[in-house]
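Structural overview
So the chains spell out like this:
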Amino acid sequence: MDKIIDWPEGDVFHEVPLLLLRSTVLFPLQVASVQIATKANLRLLEDHADPRAIVGAGVLVDPDGPANRRNLGPIAVACRILNRIDMGGGSAQVVLQGLRRIRIREVVRSRPYLRTRAEGLDESEGDRPVGRERVTRVVRLVRTLVETDDRYPDELAKVVEMNHENGSRCADLVADLIQFGYVEKRQLLETEDVSVRLDRLAELVQREIARSKVAREVQTKTAISIDRTRRESLLREQLEIIRRELEELDPAEAEIAELARKTEAAPLPPIVAEEARREVQRLRHGPTRHHEGFSIRAYVDWVLSMPWEATTKDRLDLRRARRMVDKRYLGLGTARDRLLEFLAVRKLGGNARLPLLVILGPSGTGRTSLASTVAEVLGRRFVRIPMQGIHDAAEIRGHRRTAAAARPGRVLDGLRTAGVRNPVILIDHLDRLEARIGEPMHSLVDALHPERNGQFLDHYLGVPFDLSEVLFVVTANVEEEIPRDLWSFMHTIEMPGYTEPVKRAIVRESLWPELVEGHGISRFDVRLTNTAVTRIIRHYTREAGVRELRLHLRTICRRIAVQVAVRGGRRLSIGVRNLEEYLGKPLYVEDPTAREPKVGAATGLAWTEAGGVLLPIEALIMPGEGYVMVTGMLGEVMEESVEAALSYVRSRGAELKIPADTLYERDLHIHFPEGAIPKDGPSAGIAAATTIASLLSGRPVRHDIAMTGEISLQGWVLPVGGIREKVLAAYRAGIKRVILPKGNESDLDDVPRDVRGKMRFDLVGDVGEVFGIALKKKPVSRPGK
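All chains use their own residue numbering, which begins from 1 and follows the written sequence. Local features in a predicted model are, by the rule used here, given only for residues with pLDDT of at least 70; side-chain atom pairs are given and counted only at 80 or more, and totals for whole chains, interfaces and linings are based on all residues. As a convention, hydrogens and water are excluded, and side-chain values are obtained from all of the structure's heavy atoms.

1. Remarks on the sheet that holds strand 8 (residues 382–386)
- The strand order 8-9-12-7-13 describes an open sheet built from 5 strands, whose pairing is parallel. Every other strand in the sheet has two partners, leaving strand 8 and strand 13 (490–494) as the edge strands with one partner each. Within the sheet, the average angular offset between the axes of one strand and its neighbour, ignoring direction, is 20°.
- The rule for pairing is simple: two strands pair if DSSP sees at least two bridges between them. Note on conventions: DSSP H or I runs of at least 4 residues are helices, E runs of at least 2 residues are strands, and numbering of each starts at the N terminus. Bridge count for strand 9 (residues 424–428) against strand 12 (residues 471–476) is 4 bridges, and the pairing is parallel. Residue pairing across strands places Val424 opposite Leu471, the latter belonging to strand 12.
- Relative to the sheet, helix 15 (residues 410–418) contacts strand 8, strand 9 and strand 12, its axis offset from that of strand 8 by approximately 155°. As a rule, the C-alpha atoms of each element are fitted with a line to give its axis, helices using only the stretch in contact, and angles between N-to-C directions run from 0 to 180 degrees. The contact criterion used is simple: two residues touch if any of their non-hydrogen atoms lie within 4.5 Å.

Next comes the structure, spelled out in structure tokens:
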């Protein structure tokens, strides 16, 4: 839809893109500077860069809730984007000019940002005689507030008086300039009746005046001196006598005295000790049994329990480390060498602050286990902090003490659990952090960054804590999931996907003995044959790691435990013939039709959280007007890759002997099956091009070939990542021939030798080579016939 550059007076409906503002409420005819950090809002800014374009500034019903259509307030403000400055780190600072209130009638679309159908609101009621007295009252109250509260300059009252002729404008100006809370400002924005809005505004200004008067009285009383130098000694002596007597009579006083003694005796940094003493004094002179008293006790307990000085001494025996890793992990390859390199640098004292250990790889390959092994090798305590479910910066940096149920963030909570200031802290599954941009990620970067974390400030403690001695380990799927600010400080270990022989060895030497013992079964009571293990790997799992494999073996152990408990100690044997009695029908069965060349169907290769997977692509052509539809829950990069593939095939229509009417007078539907699974990345480019070329030319695609590679508009095949995992995925599926970009030739060295020797690799630089390999020479039919 065209962008709106003007909104005429009256109840005119328009489709408006909507910014969702969490910390700011924009009012009509006001200007506000707002920081934008969410992906949806940033995309909206890119699509509406024209300064004349009108967008909406929406508010959230619950400012702490999700930024979605269910949490959207009914009233927004039409505005223009006067200026935008990119701040880096996935955020921007924009200046918005409010124009008028709009009522949101419906949400038309939610992605990539909210688009709403809205109408302008008539706000002329404030100019009626009945509203004049209300406006005068608000102006008078603002003048009183300026005289009472030093935070507001005299010019504020003058500006409000200059706008008293228009009741709605005056109300919005006061609501914008006075420091009300987000909820109060939202309620004022959503109050359409100007008279009601002015009445509510008067109540809020009166409340601010009352607060200001109380604060001034407290300040005046505090400023009065009582000649403390002459009376201090006597008063302290008397206070100590009274305190001792109170301790004997009141257990609470005794508890406070004990807390004070612990505070004085604790080895706290000076700034921390000063803050703790201040809180103890507040507790001593305040209501000890009130909620605030409990909050102060909890805070001081936290301060005293933090490991400000306690440390452990590193043990850096590389021979022991090598033996431990070799015993616990099979098939690590270069990952083991990278770990030993990391430990060697620490042993030699080479810039020990720099490395942030990052372990990359598919789920189930032992990333978390390797992190705990690093802690064991170093002789450090280990703390795991999972990232799934985190959507608020307070979960990293702590809640402010004024909030209900306030407590420190997960980083300091983990340090308290460890009891030392130099543990190994695992930031596990960074890819599952719900808020990948904005405050949660910024707070996490502050904790991890070696040049910043020496003064990490948790909002709950309110004093800096030195995290420079903590060894942080981060796990993720790929390097791109790590914030770029940390790339210069990373030592990366890539965990490989396991081949079938390695998985069998892991089952035989580790998984099966561990699970049998854990279920109370004697190893003499049960036997699992190698052929059964192979069948489980091939027909019950499709993964790079052993997570699903472990779950299936656990299922077998549970059912064996039932049999042993009921029938006694008769020896059981699990083989291929009786495996289905324990696991049911195979989950992955070879489709006979997949072993035949097909028109409009190709097999790509992709890299996911679970490792390499096959990426089947299908296409259909039908009567229409040249419309192209792409489905399968694709990301933006993959959609663009499909568009590039289609453009290339169309440009080579004559070479491929594709009729012109087929290219432009038929509708094309391209689908990526398993539509509930998100897919993204450019590596499906040549597979998509092969699928489209096959469909339009009628030439079948060979069934025994898989492929991966990015496509350019000129037809070049560009290198992609994850070659090792993709090749292993093809091998697991029984595909022995793979088309790869020439630029990935060196990556084949990472493929296990036994797998590499059983496969054929076609290295290509041009899409024409791909078509020559993957497409049969003769068409079996023409599309649409």
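Further notes follow.
2. Let's talk about the packing of aromatic side chains
- When two rings of Phe, Tyr or Trp (its six-membered ring) have centres within 6.5 Å they constitute a pair, described as stacked for plane angles under 30 degrees, edge-to-face for angles over 60, and tilted for the intermediate range. This structure, assessed with the given rule, holds 3 aromatic pairs.
- Ring geometry for Trp308 and Phe465: centres 4.9 Å apart, planes at 45°, overall tilted. Residue Trp308 is located in the loop between helix 10 (291–305) and helix 11 (318–328), and its partner Phe465 is located in strand 11 (residues 464–465); the two are separated by 157 residues in the primary sequence. Of the two residues, Trp308 and Phe465, both sit in the buried class.
- Each ring, one from Tyr648 and one from Phe771, has its centre 6.4 Å from the other, and the planes form 45°; the classification is tilted. Of the two residues, Tyr648 is situated in helix 21 (residues 636–651) and Phe771 in helix 26 (residues 767–774); the sequence distance between them amounts to 123 residues.
- Only protein chains enter the calculation, and the probe is 1.4 Å; a residue is then buried if its accessible area is under 20% of its type maximum, exposed if over 50%, and partly exposed in between. A relative accessible area of 6% places Phe771 in the buried class.
- Seen from the ring of Tyr299, Arg401 lies directly overhead, with NZ or CZ sitting 3.8 Å from the centre.
- Remark: a charge is flagged as sitting over a ring if the NZ atom of Lys or the CZ atom of Arg is within 6 Å of the ring centre and within 35 degrees of the ring normal. A cation sits over an aromatic face here: Arg416 above Trp302, 3.8 Å from the ring centre.

3. Let's talk about the confidence of the model for the protein chain
- Per-residue pLDDT for the protein chain averages 84, and the proportion of residues at 70 or more is 88%.
- Across the protein chain, the secondary-structure element scoring lowest on mean pLDDT is helix 7 (residues 228–249), at 57, and the one scoring highest is strand 23 (residues 737–741), at 96. pLDDT measures the predictor's confidence residue by residue and takes values from 0 up to 100.

4. A short note on helix 12 (residues 334–347)
- The end-to-end C-alpha distance of helix 12, which contains 14 residues, comes to 20 Å, matching closely the 20 Å that a straight helix rising 1.5 Å per residue would cover.
- Looking at helix 12, one finds that the buried residues are Ala335, Leu339, Leu340, Phe342, Leu343 and Arg346. On an axial view of helix 12, the arc spanned by its buried residues comes to 155°, and they lie on one face.
- Packed against the buried residues of helix 12 are helix 11, strand 7 (356–360), helix 13 (367–378), strand 12 and strand 13.
- The first or second residue beyond helix 12 is Gly349, which carries a positive phi of 75°. Take the number of residues in a helix, subtract one, and multiply by 1.5 Å to get its expected span. The arc in question is the one traced by the directions running from the helix axis out to the C-beta atoms.

5. Looking at the environment of Arg650
- Topologically, Arg650 is positioned in helix 21.
- Considering only alpha carbons, one finds Arg650 and Leu696, 46 residues apart in sequence, at a separation of 9.5 Å.

6. Considerations on helix 3 (residues 154–162)
- If you check which residues of helix 3 are buried, you get Leu156, Ala157 and Val160. End-on view of helix 3: buried residues confined to an arc of 95°, all on one side of the axis. Summarising the geometry of helix 3, the exposed residues directed more than 90 degrees from the buried face are Asp154, Lys158 and Met162.

7. Some points on the packing of helix 11 against helix 12
- Close contact between helix 11 and helix 12 brings their axes to 11 Å; oriented N to C, the two are set at 155°. Here helix 11 is positioned roughly antiparallel relative to helix 12, judged by the angle of their axes. Taken as a pair, helix 11 and helix 12 cross one another with a handedness that is right-handed. Only Arg336, Leu339, Leu340, Leu343, Ala344 and Lys347 of helix 12 make contact with helix 11, whose side of the interface consists of Leu318, Ala321, Arg322, Val325 and Asp326.
- All amino acids are sorted into three groups, where Ala, Val, Leu, Ile, Met, Phe, Trp, Tyr, Cys and Pro are nonpolar, Asp, Glu, Lys and Arg are charged, and the leftover types, Gly among them, are polar. Residues belonging to the contact of helix 11 with helix 12 are distributed by class as follows: 7 nonpolar, no polar and 4 charged. In what follows, roughly perpendicular refers to angles from 65 to 115 degrees, roughly parallel to angles under 35, roughly antiparallel to angles over 145, and oblique to any angle outside these ranges. Two helices cross in a left-handed way if the nearer one is turned anticlockwise from the farther one by less than a right angle. They cross in a right-handed way if the turn is clockwise.

8. Considering unusual backbone geometry
- Look at the link from Arg111 to Pro112: it is a cis peptide, with omega at 0°.
- Structurally, the position occupied by Pro112 is in the loop between strand 5 (92–109) and strand 6 (115–120).
- At His429, a position not held by glycine, the phi torsion is positive, near 60°.
- Looking at the secondary structure, you find His429 in the loop between strand 9 and helix 16 (439–448).
- By relative accessible area, which is 5% here, His429 ends up buried.

9. Structural notes on the packing of helix 3 against helix 4 (residues 167–177)
- Between helix 3 and helix 4, the least distance of the axes is 9 Å, while the angle of their chain directions is 160°. The pairing of helix 3 with helix 4 is recorded here as roughly antiparallel in orientation. Handedness of the helix 3/helix 4 crossing: right-handed. For the pair helix 3 and helix 4, the contacting residues are Leu156, Val159 and Val160 in the first and Cys170, Leu173, Val174 and Leu177 in the second.

10. Description of the pattern of salt bridges
- Here, a salt bridge means any side-chain nitrogen of Lys or Arg that lies within 4 Å of a carboxyl oxygen of Asp or Glu. In total, this model carries 46 salt bridges according to the counting rule given.
- For Arg278, the salt bridge is made with Glu274, and the minimal N-O distance between the two is 3.3 Å. With a gap of 4 residues between them, Arg278 and Glu274 both fall in helix 9 (residues 270–285), about one helical turn apart.
- For Arg278, a relative accessible area of 40% corresponds to the partly exposed category.
- Here Glu274 falls in the partly exposed class, since its relative accessible area comes to 44%.
- Glu725 is the salt-bridge partner of Arg724, the closest N and O atoms lying 3.8 Å from each other.
- Connected through shared salt-bridge partners, Glu274, Glu275, Arg278, Glu279, Arg282 and Arg401 make up one network.

11. Here's the deal with the side chain of Glu279
- Checked against the element boundaries, Glu279 lands in helix 9.
- Glu279 has contacts with Ile296, Tyr299, Val300 and Arg401, leaving out every residue within four places of it along the chain.

12. Here's the deal with the pairing of strand 8
- The alternating pattern of strand 8 places Val383 and Ile385 on a buried face, while none of Phe382, Arg384 and Pro386, on the opposite face, is buried.
- Direction of pairing for strand 8 relative to strand 9: parallel, over a ladder of 5 bridges. What sits directly across from Ile385, in strand 9, is Ile427.

13. Focus: the environment of Leu82
- Mapped onto the fold, Leu82 is located in strand 4 (residues 75–86).
- Residue classification places Leu82 among the partly exposed residues on the basis of a relative accessible area of 43%.
- For the pair Leu82 and Leu96, spaced 14 residues apart in sequence, the C-alpha to C-alpha distance is 5.8 Å.
- Beyond its immediate sequence surroundings of up to four residues, Leu82 is in contact with Val95 and Gln97.

14. Quick notes on the pairing of strand 23
- Across the 5 residues of strand 23, 5 count as buried, placing the element largely inside the fold.
- Where burial is concerned, the two faces of strand 23 agree: the one with Arg737, Ile739 and Pro741 and the one with Val738 and Leu740 are both buried.
- Pairing of strand 20 (residues 705–707) with strand 23, which is carried by 3 bridges, proceeds in the parallel orientation. Each bridged residue has a counterpart across the sheet, and for Ile705 the counterpart in strand 23 is Arg737.
- Two elements, strand 23 and strand 24 (residues 760–764), share 5 bridges in a ladder whose sense is parallel. Within strand 24, the residue paired with Arg737 across the bridge is Arg760.

15. A look at a negative patch on the surface
- Patches in this entry comprise residues that are over 30% relatively accessible and not in a salt bridge; like charges within 9 Å are linked, as are nonpolar side chains (Val, Leu, Ile, Met, Phe, Trp, Tyr) within 5 Å. The method behind every accessible area is Shrake-Rupley, applied with a 1.4 Å probe, and residues are considered shielded solely by the protein chains displayed. When charges are counted, Lys and Arg are positive and Asp and Glu negative, with His and the chain ends excluded. Each charge is placed at NZ for Lys, CZ for Arg, CG for Asp and CD for Glu. Residues Glu479, Glu480, Glu494, Glu745, Asp749 and Asp750 make up a contiguous surface patch of negative charge.
- Note on placement: Glu745 falls in the loop between strand 23 and helix 25 (753–756).

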